[in-house]
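So the chains spell out like this:
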Amino acid sequence: MMRLNGIDDRLERHQYPATSDEIIAAHGNATVELADGSERLGDVLARFGEQTFDRPDEVFDTVRAGVCHRAIGRRFYSDRDPTTDAQPVSF
């Protein structure tokens, strides 16, 4: 789970095209709330190096892809049954 805490409104109003440096300068201290903590928008965008964004949704996609592991909740969790030696059964 990730909450943008109004960052999405700010990014929607930002002038595009814009570089990641421009967005970081204007909004980098904004906080993205994660499932287990928070992270600065500038830190998330900095992971991807210099980019140019033509639209706000490109920034949102980058943020979703770049948040740290605290955004996913339970790490290494799987709702799949563990592997067994049993033969598969067809129903």
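These numbers come from a predicted model, not from an experiment. (Residues numbered from 1 in each chain as written. Predicted model: local features only at pLDDT ≥ 70, side-chain atom pairs only at ≥ 80, totals over all residues. Heavy atoms only, no water.)

Engineer: Describe the pattern of salt bridges, and please don't skip the residues or the numbers.
Structural biologist: This model, assessed by the stated rule, comprises five salt bridges. Where Asp-57 meets Arg-55, a salt bridge forms, and the shortest distance between an N and an O atom there is 3.1 Å. Asp-57 gets classed as partly exposed once you look at its relative accessible area, which sits at 35%. Taking relative accessible area as the criterion, Arg-55 reaches 42% and is therefore assigned partly exposed. With a shortest N-O distance of 3.0 Å, Asp-61 and Arg-64 are connected by a salt bridge. Residue Asp-61 and its partner Arg-64 are both found in helix H4 (residues 56-66); the two are separated by three residues, about one turn of the helix. When salt bridges with common partners are traced through the structure, they connect Arg-55, Asp-57 and Glu-58 into a single cluster. (Salt bridge = Lys/Arg side-chain N within 4 Å of Asp/Glu carboxyl O. Buried < 20%, exposed > 50% of the residue type's maximum accessible area, 1.4 Å probe, protein only. Helix = DSSP H or I, 4+ residues; strand = E, 2+ residues; numbered from the N terminus.)

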